[in-house]
Amino acid sequence: MEVFKHGRIKTTKTKAKEARSLVEKIIGLAKRGDVHARRQVLAILGDREITHNIFEEMGPRFEDRDGGYTRILKLGPRPGDSAPMVYIELV
């Protein structure tokens with residue numbers, strides 16, 4: 001997922017809401033930190049480098065938070081089709 005690579009991405013509101021649930025699940029697994037959780041995240045993402053980064057940086061970073069790892073910021077409508085655009089970013 002590009003959110004883990006870049007920290008925040010610009011997308012439509014609907015896609016951001018769907019991505020939020022997946023990001024929350026992945027970070028919850030990273031907080032567990034065991035081998036099974038690592039394999040589950042690798043199965044979802046398919047990239048060993050990002051998975052390693054999530055478990056080494058994101059897991060400890062969000063250790064004290066119980067949830068709410070993402071933030072959605074509204075940007076306004078897209079010029080072409082007026083779809084509501086947002087930034088989704090890690091807190």
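Report follows, based on the coordinates. (Residues numbered from 1 in each chain as written. Predicted model: local features only at pLDDT ≥ 70, side-chain atom pairs only at ≥ 80, totals over all residues. Heavy atoms only, no water.)

## Concerning the overall build of the chain
Stage number 1. The helix and strand tally for the chain stands at four helices and three strands.
Stage number 2. Ordered by position from N to C terminus, the α and β elements of the chain give α-β-α-α-α-β-β.
Stage number 3. Per-residue burial over the chain gives 32% buried out of 91 residues.
Stage number 4. For the chain, the proportion of contacts with a sequence separation of at least 24, taken over those separated by at least 6, is 53%. (Helix = DSSP H or I, 4+ residues; strand = E, 2+ residues; numbered from the N terminus. Buried < 20%, exposed > 50% of the residue type's maximum accessible area, 1.4 Å probe, protein only. Contact = heavy atoms within 4.5 Å.)

## Topic: the sheet that holds strand S3 (residues 84-90)
Stage number 1. Strands sit in the order S1-S3-S2 across an open sheet of three strands; the sheet is antiparallel. Two strands in the sheet have a free side with no partner beyond their single neighbour: strand S1 (8-12) and strand S2 (70-77). Direction aside, the axes of adjacent strands within the sheet are offset by 25° on average.
Stage number 2. Bridge analysis of S1 against S3 gives five bridges, and the strand direction is antiparallel. By the bridge assignment for S3, Lys10 is matched with Tyr87. (Pairing = 2+ DSSP bridges. Axes fitted to C-alpha atoms, helices over the stretch in contact; angles between N-to-C directions.)

## Some points on the side chain of Thr11
Stage number 1. Structurally, the position occupied by Thr11 is in strand S1.
Stage number 2. By relative accessible area, Thr11 is classed as buried at 14%.

## Observations concerning the packing of aromatic side chains
Stage number 1. One pass over the structure, following the stated rule, counts one aromatic pair.
Stage number 2. Between Arg8 and the ring centre of Tyr87, over which it is positioned, the NZ or CZ distance is 3.9 Å. (Phe/Tyr/Trp six-rings, centres within 6.5 Å; stacked < 30°, edge-to-face > 60°. Lys NZ or Arg CZ within 6 Å of the ring centre and 35° of its normal.)

Purely geometric numbers; function is a separate question.
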